[in-house]
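A closer look at the structure
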Amino acid sequence: MNFDLSDERQMLSDTLRRFLADKYSSTLRNEVLSDPAGLSREIWSQLAELGVIGALFDEAQGGFGGAGGDIAVVFEELGRAGVVEPVLDTAVLAGGIIADLGNADQQALVEQIIAGELHVALAHGEPEARYDLPYVTCRAAEDAEGIRLEGRKAVVVNAEASEYLIVSAREAGGLRDWEGISLFLVPRDTAGLVLQGYALASRGRAAEVVLDGVTLTPEMRLGTAGQGGDALTKAMARSAVAQMAETLGAMHTACEMTQDYLMTRRQFGKPLGSFQALQHRVAEMLIEMEQARSATINALGHLDGPDRDRQISAAKALMGQIGKRIAEESIQMHGGIAMTQEYDLAHFAKRIIMGDHRFGDSDYHLERFIDLSAA
Amino acid sequence: MDLSYTEQELAFREDVRDFLAEHLDPQVSQKVRTGRELTKAEMEGWHATLHARGWLAQNWPKSHGGAEWTAVQRFIYEEEAARASAPRIVPFGLSMLAPVLMEFGSKEQQDRWLPRILSGEDWWCQGYSEPGAGSDLASLKTRAVRDGDHYVVNGQKTWTTLGQFANMIFCLVRTDTECKPQEGISFLLIDMDTPGVEVRPIVLLDGTPEVNEVWLTDVRVPVENLVGEENKGWTYAKYLLTHERTNIAGVGFCQAGLDALKRLARTANHNGRPLSENPLFAARIAQVEIELMALATSNLRILAAAGAGRAPGVEASMLKVKGTDIRQAINDLARRAVGPYAMPFASEDVEGSNAPLPDPLNAGAVTKAYLNNRKISIFGGANEVQKNIIAKTALGGRG
Ligand SMILES: Cc1cc2nc3c(=O)[nH]c(=O)nc-3n(C[C@H](O)[C@H](O)[C@H](O)COP(=O)(O)OP(=O)(O)OC[C@H]3O[C@@H](n4cnc5c(N)ncnc54)[C@H](O)[C@@H]3O)c2cc1C
């Protein structure tokens, strides 16, 4: 057993940390907030140049990484800096599915993603689906004119800035059946595809997507008809690891900010950090941080193993609980200042809390862990 | 010991219900229910409606035009108003300043300011906190220097809730720097239209411009606006902080929040069934409901004792801590109940006030409420400070 980072990953981590410390200021983040696309194109191409996106794909896919350890290194740094650009959505989630299922033509898109030239979003969740993966009511029906998609997708992160959406739709089977779910590559300007966009609490943007008579040629199907379930589950597992690493990074920053603040802010003639009631709470936060790091390592270490989903669920259930605690404790110990939008901690706290609402929250994963452990 | 309400109390509850049914504007209650921000006019309108019925100043004595309700009556109102999603009563003039004026203000001050609070002519805000003086309020630095029949005030107040709507601010200011911090503070009433008063908005983490910085530069305040004696302001401030605590547990808010949470859980889908039928989530809701049932009784029990002449000091701190814990737990569950739909940023500022919320549960404001109510364990005496008070009383002199 060895918990050290490989030289390559250490280098990636160092480079990325330096780059973000240098470039990714809160001023820049605030500009992104008012940007209609919800992201900075400049940062995006710089991230691509640094190899951040390539690190999320393996060599066969045109990248130079792609393992759990690579994902974790990249996202922990993005989380530490509070980056809002949708690296997770374009590269790990949607990009991962294309790399996994795409034919030669479709794989060409991965190259563009790695080069930072293309955004893709996964339109899978539905208004009623909550976190339940096989809950797909969108229909796909094939006839002489092509494949027609009908239905609605919910909270599709980064839909508006994406050139393609990967849409899941049912070609066979009943509600909540894994069998029968297909995946389609839908250009965003396809007739019948309507987006209603909005800002997210953690920044960035998402959209409700209505599919009203979207017609596709059969070449736009990703993988075999009705067999999208495995690729979806795999992409969700990898995205969950990315999300946990991001949350870990954001929690690290929240803890650091809180420690610094407690040593600088004075009330009653002393630094807040001299009050034992607060000292113990900082200590508890740091104990939880170690748990969070180990949970993330458990998850990424099992990403390619047989116990993957149970391990992911164990880790994500714990991360949700720890994240809530660290976000709330950081705000509380800062006092009023942390309640302001302008103060960085508020941003990190929102990233942490909202991370629990992606790829299954802590209750979803708790129940899934119970099911998978019993199986 | 009798947990049942008296005939009169039951009749009073009917009165309150009828009143709310008849007078509460459905559009306003819809906004309250879905966590939307009310306009100034909507808040003032509700005050006027209550005033017309004589129910605005619930804890004021009748001699000053108040309703002089018992603790139980106030609780019944609070519960019914929350259930009906009535706007909250803005507390700064009615329950913060007024008791201080009644106890320490001159006859002229009472005659001048109290009727204007009732009529809504004045909107008061609270100028206590400063950037450097939060929990340690006595360290406040805003200076007031006597110059003839005026005080000249310089300094900065912050976190001033709804200061953007206010025309008057009651401030703690330093009038003596040569003594113990608590002994050099005075209680001053300042007209916000006076030259030198500048209000700058602060946007909170949920996107609402709810609080403000109030900058005071050479503001001339007539000496008749000093409440009580110079350098006695700390006593009045403490009186204010400990006096108005009848709503400190926020039982009504908790109950309304719990009702809303249950509605959400019944509507939200979980694996093809309502979320309310999911044993894990049902247990989480039950847990807060059980806590709330006990809190409601603690609240009444403690208020009843206070009514009988005992000041609810430590107990008020206990109610504050438990009440805010429960309310925050309810907000947290509501956010979790809506699943991925907790993610949209439901700010009127960003989305335009009439933009439809994207989610079918119509619950886009739950995250906003969750974030916004992180404040309740910070303000009104942070929960840590309340625990210090409790611990000091329990352990003081023994260690
Ligand atoms: C939304 C909002 C609205 C507000 N509205 C108003 C208003 O209208 N008017 C007004 O005057 N003020 C208002 N306040 C200010 C509020 O009263 C203060 O925020 C509060 O007193 C805490 O002060 P602080 O924020 O400076 O935190 P600090 O006092 O700096 O405290 C930071 C943290 O340290 C803890 N702490 C401090 N001292 C101790 C100790 N001795 N032992 C253990 N822990 C300690 C605190 O509990 C807190 O967790 C508002 C605040 C907020 C957030």
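Residues numbered from 1 in each chain as written. Chains lettered and ligands numbered in written order. Predicted model: local features only at pLDDT ≥ 70, side-chain atom pairs only at ≥ 80, totals over all residues. Heavy atoms only, no water.

**Considerations on the overall build of chain B**
How we decide: Only DSSP runs of H or I with at least four residues qualify as helices, and only runs of E with at least two residues qualify as strands; both kinds are numbered from the N terminus onward. For the radius of gyration, the atoms used are the C-alpha atoms, and the globule rule reads 2.2 Å times the number of residues raised to 0.38. We call two residues contacting when some pair of their heavy atoms lies within 4.5 Å. Here the Shrake-Rupley method, with its probe set to 1.4 Å, supplies the accessible areas, and only the displayed protein chains count as covering residues. Charge assignment: positive for Lys and Arg, negative for Asp and Glu; neither His nor the chain ends contribute. Note on charges: their place is set at NZ of Lys, CZ of Arg, CG of Asp or CD of Glu.
In terms of regular secondary structure, chain B is built from 13 helices and 10 strands. For chain B, whose C-alpha radius of gyration is 22 Å, the value lies close to the compact-globule estimate of 21 Å for 399 residues. Judged by the C-alpha coordinates and their principal axes, chain B covers about 75 × 55 × 55 Å. At a minimum sequence separation of 6, the contacts of chain B that also span at least 24 residues come to 72%. Looking at chain B as shown, the accessible area adds up to about 17,700 Å², and 53% of this sits on carbon and sulfur atoms. Across chain B, the mean location of the 43 positive side-chain charges is 6 Å away from that of the 50 negative side-chain charges.

**With respect to the domain arrangement of chain B**
Residue and element names in this part refer to chain B. Cut-off, in case you're wondering: Segment limits for the domains were obtained from an automatic or database-derived domain assignment. Once two parts are brought into contact, the accessible area they lose, counted with a 1.4 Å probe and summed over both, makes up the buried area.
The domain architecture assigned to chain B consists of domain 1 (7–101), domain 2 (123–231) and domain 3 (249–394). Of note, the centres of domain 2 and domain 3, computed from C-alpha atoms alone, are 31 Å apart. Opposite the eight residues of domain 2 that make contact, domain 3 presents eight residues. Note on domain 2 versus domain 3: buried area summed over both sides is about 690 Å², and carbon and sulfur give 54% of it.

**Regarding the UniProt feature "domain: Acyl-CoA dehydrogenase/oxidase N-terminal" (unreviewed entry) in chain A**
Rules: UniProt positions are given in the numbering used here, feature names are shortened, and annotations may be inferred rather than shown by experiment.
Using the residue numbers shown here, the UniProt feature "domain: Acyl-CoA dehydrogenase/oxidase N-terminal" (unreviewed entry) corresponds to residues 6–115 of chain A. Here residues 6–115 of chain A is 67% helix and 0% strand, with 24 Å between the C-alpha atoms at its ends.

**Description of the site of the ligand**
As a reminder, the rule being used: Distances are taken per atom, and a residue is near a molecule or strand as soon as one of its heavy atoms is within 4 Å of it. Residues adjacent in sequence count toward polar contacts only when both atoms are side-chain atoms; beyond that, a polar contact is any pair of N or O atoms within 3.5 Å, and within protein one must be able to donate a hydrogen and the other to accept it.
The full set close to the ligand counts 27 residues, and A:Gln332, B:Ser135, B:Trp159, B:Thr161 and B:Glu384 are the nearest of them. Neighbouring residues of the ligand are distributed over chains A and B. One nitrogen or oxygen atom from the side chain of A:Arg265 is found 2.7 Å from an oxygen atom belonging to the ligand. Within the side chain of B:Ser135, a nitrogen or oxygen atom sits 2.6 Å from an oxygen atom of the ligand. Burial of the ligand by the surrounding chains reaches 95%, relative to a free accessible area of 970 Å².

**Details of the packing of aromatic side chains**
Residues and elements named next belong to chain B. To be explicit about the condition: Pairing of aromatic rings covers Phe, Tyr and Trp, the last counted by its six-membered ring, and requires centre-to-centre distances within 6.5 Å; plane angles under 30 degrees mean stacked, over 60 mean edge-to-face, and any other angle means tilted. The rule for a charge over a ring is simple: NZ of Lys or CZ of Arg within 6 Å of the ring centre, and within 35 degrees of the ring normal.
All told, the structure shown has 15 aromatic pairs over all chains when counted by the stated rule. Centre to centre, the rings of Trp69 and Tyr77 are 5.7 Å apart; their planes meet at 40 degrees, and the pair counts as tilted. These aromatic residues form a ring-pair network of at least three members: Phe12, Phe19, Trp46, Trp55, Trp69 and Tyr77. The side chain of Arg13 reaches across the aromatic face of Tyr5, ending 5.1 Å from its centre. The lysine or arginine in question, Arg200, covers the ring of Trp215, its NZ or CZ lying 4.3 Å from the ring centre.

**Observations concerning the side chain of A:Arg29**
Residues and elements named next belong to chain A. Locating Arg29 in the fold gives a position in helix H2 (residues 26–34). A polar atom in the side chain of Arg29 sits 3.1 Å from the side chain of Asp344. A distance of 3.4 Å separates polar atoms of two side chains, one belonging to Arg29 and the other to His347. Setting aside its immediate chain neighbours within four residues, Arg29 contacts Tyr24, Ala81, Gly82, Val84, Arg203, Asp344, His347 and Phe348.

**Things to note about the layout of surface pockets**
Here is the rule: A cavity here means a set of points on a 1 Å grid, drawn over the protein atoms and nothing else, where a 1.4 Å probe fits but cannot get out; a pocket is an open set with protein on both sides within 12 Å along at least five of seven lines, and a residue lines either one if it has an atom within 4 Å of a point. Grid points are joined across faces, edges and corners, and a volume is the space filled by probe spheres set on the points. For this classification, Asp, Glu, Lys and Arg are treated as charged, while Ala, Val, Leu, Ile, Met, Phe, Trp, Tyr, Cys and Pro are nonpolar and the rest, including Gly, are polar.
The volume enclosed by the second largest pocket comes to roughly 720 Å³. A:Lys324, A:Glu328, B:Asp325, B:Gln328 and B:Ala329 are, among the 30 residues lining the second largest pocket, the residues nearest its centre. Those elements giving two or more residues to the lining of the second largest pocket turn out to be helix H9 (308–334) and helix H11 (362–374) of chain A together with helix H9 (279–307), helix H10 (314–337) and helix H13 (383–395) of chain B. It is H10(B) that contributes the most residues to the lining of the second largest pocket, 10 residues altogether. Grouping the amino acids of the lining of the second largest pocket by side-chain chemistry returns five nonpolar, eight polar and 17 charged.

**A few points about the packing of helix H1 (residues 7–23) of chain A against helix H3 (residues 41–49) of chain A**
Residues and elements named next belong to chain A. Threshold: Note on definitions: angles span 0 to 180 degrees between N-to-C directions of axes, and those axes are lines fitted to C-alpha atoms, for helices only across the stretch in contact. Our angle categories are set so that under 35 degrees counts as roughly parallel, over 145 as roughly antiparallel, 65 to 115 as roughly perpendicular, and the remainder as oblique. By definition, turning the near helix anticlockwise from the far helix through less than a right angle yields a left-handed crossing, and turning it clockwise yields a right-handed one.
Packing of H1 against H3 leaves a shortest axis separation of 11 Å and a crossing angle of 160 degrees. With respect to each other, H1 and H3 are oriented roughly antiparallel. Like other packed secondary-structure pairs, H1 and H3 cross with a definite hand, here right-handed. Here Leu16, Phe19, Leu20 and Lys23 of H1 come into contact with H3, specifically with Ile43, Gln46 and Leu47. A per-class count over the contact of H1 with H3 returns five nonpolar, one polar and one charged.

**Considerations on the environment of A:Leu366**
Where we set the bar: Type-normalised accessible area, obtained with a 1.4 Å probe on protein chains alone, sets the label of each residue: buried when under 20%, exposed when over 50%, and partly exposed for intermediate values.
Residue placement: A:Leu366 occurs in helix H11. The partly exposed category is assigned to A:Leu366, whose relative accessible area is 27%. For the pair A:Leu366 and A:Arg351, spaced 15 residues apart in sequence, the C-alpha to C-alpha distance is 21 Å. Not counting chain neighbours up to four residues away, the residues in contact with A:Leu366 comprise A:Ala317, B:Leu280 and B:Arg284.

**Focus on the domain arrangement of chain A**
Residue and element names in this part refer to chain A. Definition in use: Here, a salt bridge means any side-chain nitrogen of Lys or Arg that lies within 4 Å of a carboxyl oxygen of Asp or Glu.
Domain parsing of chain A yields domain 1 (7–118), domain 2 (121–227) and domain 3 (230–374). Relative placement of domain 2 and domain 3: their C-alpha centres are 30 Å apart. Of the residues lining the interface, 13 residues belong to domain 2; the matching set on domain 3 comes to 15 residues. Interface of domain 2 and domain 3: buried area, both sides summed, is about 1,300 Å²; carbon and sulfur atoms make up 65% of it. Area buried by domain 2 at its contact with domain 3 is led by Tyr131, Leu133 and Ser202, which between them contribute 47% of it. Run the count over domain 2 and domain 3 and you get zero salt bridges.

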